[in-house]
Amino acid sequence: MSNGYGIETKCVQSGWQPECGEPRVLPIYQSTTFKYDTSDQMGRLFDLEDNGYFYTRLQNPTNDAVAAKIAELEGGVAAMLTSSGQAANYFAVFNICEAGDHIVVSNSVYGGTFNLYGTTLKKQGIDCTFIDPDASYEEIGAAFKPNTKALVAETVANPSLVVLDIEKMAKVAHDHGVPLIVDNTFPTPINCRPFEWGADIVTHSTTKYMDGHAMSVGGCIVDSGNFDWTAHVDKYPGLTRPDESYHGIVYTEKFGKLAYITKATSQLMRDLGSIQSPQNAFLLNVGLETLHLRVPRHCENALKVAEYLEGHEKIAWVNYPGLESSKYHTLAEKYMPGGTCGVISFGLKGGRDVSVGFMDKLKLAAIVTHVADARTCVLHPASHTHRQMTDEQLKEAGIAPDLIRFSVGIENVKDIIADLEQALEAV
Ligand SMILES: *Cc1c(COP(=O)(O)O)cnc(C)c1O
């Protein structure tokens, strides 16, 4: 679709452009497989000689249409849907790393991602050094080793809401000859397009604002096409040297700017199989059609809630990058002037137990293991999502034991504030 269109138009119309007489709405290709006339036609697909579908574990037309929409929203060259955000973050790194390699990761990443890189990838022989994303260029640079293959961070961290200095991170990464991979789940491309600031790969948990209605778990990887793998042939042999599992294809030679996503699709999906179901991709697409309307309302409501809480005597602290009091306000203004996200965090005076007791009194805001959907919801990371982390790790990740993660929905903000008010009165 024409790049001249605004992002609102892309949300609604990109990805699926029907030909004359085809369905107006993206169809769900609920088929595991695809039919060919000759054995040779199918054989060429297996050799990556022709473009086409043969088995949904690798590719499906519904998924591809939705991936193409997300690629356009981010301004990338190609994208791939995954079964979850976790799968996206795993594949994004595993696509360019193998046993013996090393990655540098922001210590404020989502708890699941922290475990994935810090524990599970380690078991596979990929080592990880966590850094403070607020540290200086020099300090972050000091974490790099000769075998480092990527720098990974979140544009707005879940749940600490650390806003990433994307340009600084991109410079560190590029000066060390590696790509910057950022998880852009919280701002979404409506608020921030990391490729415009030098990031190379973007990942998403589409489970959050993109789906927007808490209906389907999913993920996505988008490639900017900007990182020059061939400038580091020895570092990225998986992309720049023959793939024996595909009769010696060299991805960068055969696919150019599409090399990274083609390898992820044809090799990782083939072997590890974490495809998004076409049903979920369909639901995701419905969510994407209103992303540009929902995200600004989430941000508007969140700012009002944050301001209300900041003025309340029972509240110890409020963290929302949209607040002038936030240490990330300047970075947020630079990278996401339209708003950051609908998630805020805060703590009550009296500490952890008071915070937890307050949550139990909320009525409109539900306690759920979710964030970033239409309905206001609340969670206590130290008891829930980040339960596996030690107090020391929590502190390093910027998560106070009394931290309440409050995901502001798109209800009437007066009702959200009234709910907070009655719960605060009750503690
Ligand atoms: C939720 C989340 C993930 C994990 O995504 P799933 O879809 O739950 O697997 C990764 N990164 C961020 C920033 C998230 O918020």
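For clarity, every value in this text was computed on a predicted model and none was experimentally measured.

How each quantity is defined
Residues numbered from 1 in each chain as written. Predicted model: local features only at pLDDT ≥ 70, side-chain atom pairs only at ≥ 80, totals over all residues. Heavy atoms only, no water. Near = heavy atom within 4 Å. Polar contact = N/O pair within 3.5 Å; in protein donor to acceptor, adjacent residues only side chain to side chain. Areas by Shrake-Rupley, 256 points an atom, 1.4 Å probe, with all protein chains shown as cover. 1 Å grid on protein atoms, 1.4 Å probe; cavity = no way out; pocket = protein on both sides within 12 Å on 5 of 7 lines; lining within 4 Å. Sits in = over half its atoms within 2 Å of the grid points. Helix = DSSP H or I, 4+ residues; strand = E, 2+ residues; numbered from the N terminus. Nonpolar A, V, L, I, M, F, W, Y, C, P; charged D, E, K, R; others polar. Core = buried A, V, L, I, M, F, W, Y, C linked by side-chain atoms within 4.5 Å. Buried < 20%, exposed > 50% of the residue type's maximum accessible area, 1.4 Å probe, protein only. Contact = heavy atoms within 4.5 Å. Pairing = 2+ DSSP bridges. Axes fitted to C-alpha atoms, helices over the stretch in contact; angles between N-to-C directions. Expected span 1.5 Å × (residues − 1). Bend = angle between axes of the 7 residues up to and from the residue. Phe/Tyr/Trp six-rings, centres within 6.5 Å; stacked < 30°, edge-to-face > 60°. Parallel < 35°, antiparallel > 145°, perpendicular 65-115°, else oblique. Left-handed = near helix turned anticlockwise from the far one by under 90°. Domains from an automatic or database assignment. Buried area = accessible area lost by both parts, 1.4 Å probe. Salt bridge = Lys/Arg side-chain N within 4 Å of Asp/Glu carboxyl O.

K.L.:
A description of the site of the ligand should follow, citing residues and the corresponding values.
P.N.:
Asn-158, Asp-183, Ser-205, Thr-207 and Lys-208 are the nearest of the 16 residues found near the ligand. Backbone polar atom of Gly-85 to an oxygen atom of the ligand: 2.9 Å apart, as the coordinates give it. Contact with the protein chains hides 92% of the accessible area of the ligand, taken as 380 Å² for the molecule alone. Taking a 2 Å distance to the grid points as the criterion, the majority of the atoms of the ligand fall inside the second largest pocket. Top contributing element to the shell around the ligand by residue count: helix H4 (residues 85-94), with three residues. Its residues placed into classes, the shell around the ligand shows three nonpolar, ten polar and three charged.

K.L.:
If you had to explain the nonpolar core to someone new, which residues and values would you point to?
P.N.:
Across soluble globular proteins, nonpolar side chains have a tendency to be buried as a group. Val-305, Leu-309, Phe-346, Phe-358 and Phe-406 are the most contacted members of the largest nonpolar core, which has 130 residues in total. For this core, the element with the highest residue contribution is helix H13 (residues 291-310), accounting for eight residues. Beyond its immediate sequence surroundings of up to four residues, Phe-358 is in contact with Phe-346, Leu-348, Ile-404, Leu-420, Ala-423, Leu-424 and Val-427.

K.L.:
Describe the sheet that holds strand S5 (residues 180-183), listing the residues and the values that go with them.
P.N.:
With mixed pairing, the seven strands of this open sheet are ordered in space as S1-S7-S6-S5-S4-S2-S3. Where the open sheet ends on each side, the last strands, each with one partner, are strand S1 (78-82) and strand S3 (127-131). Within this sheet the neighbouring strands show an average axis-to-axis angle of 20°, counted without direction. Sheet topology places strand S2 (residues 102-106) next to strand S4 (residues 148-154); four bridges connect them, and they run parallel.

K.L.:
Give a detailed account of the environment of Gln-388, specifying residues and quantitative values.
P.N.:
Along the chain, the position of Gln-388 falls in the loop between strand S11 (377-379) and helix H16 (391-396). With 273 residues separating them in the primary sequence, Gln-388 and Asn-115 have C-alpha atoms 8.6 Å apart. Apart from residues no more than four positions distant in its own chain, Gln-388 is found in contact with Asn-115 and Gln-393.

K.L.:
Can you break down helix H5 (residues 111-123) residue by residue, with the values?
P.N.:
When the terminal C-alpha atoms of H5 are compared, their 17 Å separation across 13 residues agrees well with the 18 Å that a helix rising 1.5 Å per residue should span. At Tyr-117, H5 shows its maximal kink, close to 30°. Listing the buried residues of H5 in full gives Gly-111, Gly-112, Thr-113, Phe-114, Leu-116, Tyr-117, Gly-118 and Leu-121. Residues of H5 that are buried sit in contact with H4, S2, S3, S4 and H16.

K.L.:
How would you summarise the packing of aromatic side chains if you had to cite specific residues and measurements?
P.N.:
The final tally for this structure, using the stated rule, is 13 aromatic pairs. Aromatic pair Phe-227 and Tyr-236: ring centres 5.9 Å apart, planes at 85°, arrangement edge-to-face. Given the relative accessible area of 10%, Phe-227 is considered buried. When its relative accessible area of 1% is taken as the criterion, Tyr-236 is described as buried. Following the ring pairs from residue to residue traces out a cluster consisting of Phe-227, Trp-229, Tyr-236 and Tyr-260.

K.L.:
Describe helix H3 (residues 61-74), and please don't skip the residues or the numbers.
P.N.:
Helix length check: H3, at 14 residues, gives a terminal C-alpha distance of 20 Å against a target of 20 Å (1.5 Å per residue), a fit within 8%. Along H3, twelve of the 14 residues are buried, which leaves the element largely enclosed by surrounding structure. Within H3, the full set of buried residues consists of Pro-61, Thr-62, Asn-63, Ala-65, Val-66, Ala-67, Lys-69, Ile-70, Ala-71, Glu-72, Leu-73 and Glu-74. Elements in contact with the buried residues of H3: helix H1 (7-13), S1, helix H8 (188-191), strand S6 (201-205), strand S7 (219-223) and helix H12 (278-288). Among the residues of H3, the N-terminal cap falls to Asn-60, whose side-chain oxygen and the backbone nitrogen of Thr-62 are separated by 2.8 Å. Among the residues trailing H3, Gly-75 stands out with phi positive, at a value near 75°.

K.L.:
Outline the packing of H4 against H5, listing residues and values.
P.N.:
Axis angle and axis distance: for two packed helices, these are the angle between their axes and the distance between the axes, and together they describe the pair. Where H4 contacts H5, the two axes come as close as 10 Å, and the packing angle between them is 45°. On the basis of their axis angle, the class for H4 and H5 is oblique. Crossing of H4 against H5: the hand is right-handed. Of H5, the residues touching H4 (which contributes Gln-86, Asn-89, Tyr-90 and Val-93) are Gly-112, Thr-113, Leu-116, Tyr-117 and Leu-121. Of the residues that constitute the contact of H4 with H5, the class distribution is five nonpolar, four polar and no charged.

K.L.:
Let's hear about the domain arrangement of the chain: which residues, and what values?
P.N.:
In terms of domain boundaries, the chain breaks down into domain 1 (7-287) and domain 2 (293-425). Here the C-alpha centre of domain 2 lies 29 Å away from the C-alpha centre of domain 1. Counting residues at the interface gives 36 residues for domain 1, matched by 39 residues for domain 2. Interface area for domain 1 against domain 2, summed over the two sides, is near 3,000 Å², with a carbon-plus-sulfur share of 61%. Measuring nitrogen to oxygen at the nearest pair gives 2.6 Å for the salt bridge that ties Lys-334 to Glu-167.

K.L.:
Lay out the sheet that holds S11 with the relevant residues and their values.
P.N.:
Judged by pairing direction, the sheet is mixed, and its five strands sit side by side in the order S8-S9-S12-S11-S10 without closing on themselves. Because the sheet does not close on itself, it has two edges, and the strands there are strand S8 (315-319) and strand S10 (366-367). Relative to strand S12 (residues 404-407), strand S9 (residues 343-348) runs antiparallel, the two sharing four bridges. Paired with Phe-346 across the bridge in S12 is Ile-404. Contacting S8, S9 and S12, H13 crosses the sheet at an angle of about 15° to S9.

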